[in-house]
Amino acid sequence: MEGLVQFGIEADDKRTRKIRELYDNLADDVIILEEGAKPSAGRGIALLLGGLVLGGLLIRSSGRKAAASSPPPH
């Protein structure tokens, strides 16, 4: 069985029992939100690229601050 999962939302008892029969190692608060659904690859790639851009900007700005605060060579 495949599907998107989310933690912290209660599922109905019949669905929970069926899932637990198939998978005995699930956390107590896991449910299937949409059977057969898969995460969006486009959204994952967009979030990854956004994180890389933000990380690059932070590194670049910290490098400029360090260069501005260091004394000039003699």
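So, here's what we can say about the structure. (Residues numbered from 1 in each chain as written. Predicted model: local features only at pLDDT ≥ 70, side-chain atom pairs only at ≥ 80, totals over all residues. Heavy atoms only, no water.)

Considerations on the overall build of the chain
Across its full length, the chain carries 2 helices and 2 strands. Tracing the chain from N to C terminus, the helices and strands come up as β-α-β-α. Within the chain, buried positions represent 7% of all 74 residues. By sequence separation, contacts in the chain at least 24 residues apart represent 55% of the contacts at least 6 residues apart. If you sum the accessible surface of the chain, you get close to 6600 Å²; carbon and sulfur atoms cover 60% of it. (Helix = DSSP H or I, 4+ residues; strand = E, 2+ residues; numbered from the N terminus. Buried < 20%, exposed > 50% of the residue type's maximum accessible area, 1.4 Å probe, protein only. Contact = heavy atoms within 4.5 Å. Areas by Shrake-Rupley, 256 points an atom, 1.4 Å probe, with all protein chains shown as cover.)

Overview of a nonpolar patch on the surface
Among the surface-exposed residues, Ile 45, Leu 48, Leu 49 and Leu 52 lie close enough to one another that they form a single nonpolar patch of about 420 Å² accessible area. Position of Ile 45 relative to the elements: it lies in helix α2 (residues 41–69). You can call Ile 45 exposed: its relative accessible area is 51%. (Patch = residues over 30% accessible without salt bridge, like charges linked within 9 Å, V, L, I, M, F, W, Y side chains within 5 Å. Salt bridge = Lys/Arg side-chain N within 4 Å of Asp/Glu carboxyl O.)

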